[in-house]
Amino acid sequence: EYDTDDSFGATGIATGQRTRMDVIQLQSLTNAQDLVRQKMKHAYKGLIDNYSEYIGTDKGSDAITKMERGGSQIIDAIVNDTKATQVRWSSVDEKGNITCYTGIRVDKKVVADAISDYVSEDEELKIRFKEEEFRKKMDESFKKYKESK
């Protein structure tokens, strides 16, 4: 699973004894979630850095910190709730091991909307930030972000 203009994607991989396919599949899903989480947080951090320059950091440093923390919590919640879009298994090797490949996908608009809603509902952040401008910049930032293939 690769990133697209509309979604973050990742493929998790885990290997272990075929008798523990349940554990291997969970490890593979967790690996994919960690990869997507890192990409999303990287893209969001870049957006916050750019946006803080736009509004001026001297007046908004507390609000920027609050936005970073809130965005990270929202990203974690969304990623933790992802389900596998694809699961593939290798054949069993000579040692009795099997590899699981798990693909996941997270819609960029869902993430952008959830974070923008958080910002617009928070009284302190609402005062300091222009919701529509923030939403637009987040959509642009997420659409531009694609992992290099």
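Look a little higher up for the structure.
Since the model is a prediction, treat every value here as computed from it, not as a measurement.

K.L.:
Can you walk me through the side chain of T82 in this structure?
P.N.:
Mapped onto the secondary structure, T82 falls in the loop between α2 (57-80) and β2 (86-89). Here the side chain of T82 touches V79 through a polar contact of 2.7 Å, landing on its backbone oxygen.

K.L.:
I'm lost on the nonpolar core in this one. Help?
P.N.:
Generally speaking, a soluble globular protein has its nonpolar side chains buried in company with each other. Y44 and F134 are the most contacted members of the largest nonpolar core, which has 26 residues in total. Where this core is concerned, the elements lending two or more residues are β1 (7-17), α1 (21-55), α2, β3 (97-107), α3 (108-121) and α5 (131-144). Looking at this core element by element, the count peaks at 8 residues for α1.

K.L.:
Explanation requested: the side chain of S7 in the structure shown.
P.N.:
Within the secondary structure layout, S7 lies in strand β1. In this view, S7 contacts R105, V106, D107 and K108; residues no more than four positions away in its chain are not counted.

K.L.:
Can you help me understand the pairing of β3 in this one?
P.N.:
One face of the sheet, then the other: side chains in a regular strand alternate in exactly this way. Burial runs high along β3: 8 of the 11 residues are buried. Sheet analysis places β1 next to β3, joined by 11 bridges and oriented antiparallel. Across the sheet, residue A14 finds its bridge partner in β3, namely C100. Here β2 runs beside β3; their pairing, made up of 4 bridges, is antiparallel. Bridging across to β3, V87 finds its partner in T102.

Rules used throughout
- Residues numbered from 1 in each chain as written.
- Predicted model: local features only at pLDDT ≥ 70, side-chain atom pairs only at ≥ 80, totals over all residues.
- Heavy atoms only, no water.
- Helix = DSSP H or I, 4+ residues; strand = E, 2+ residues; numbered from the N terminus.
- Polar contact = N/O pair within 3.5 Å; in protein donor to acceptor, adjacent residues only side chain to side chain.
- Core = buried A, V, L, I, M, F, W, Y, C linked by side-chain atoms within 4.5 Å.
- Buried < 20%, exposed > 50% of the residue type's maximum accessible area, 1.4 Å probe, protein only.
- Contact = heavy atoms within 4.5 Å.
- Pairing = 2+ DSSP bridges.

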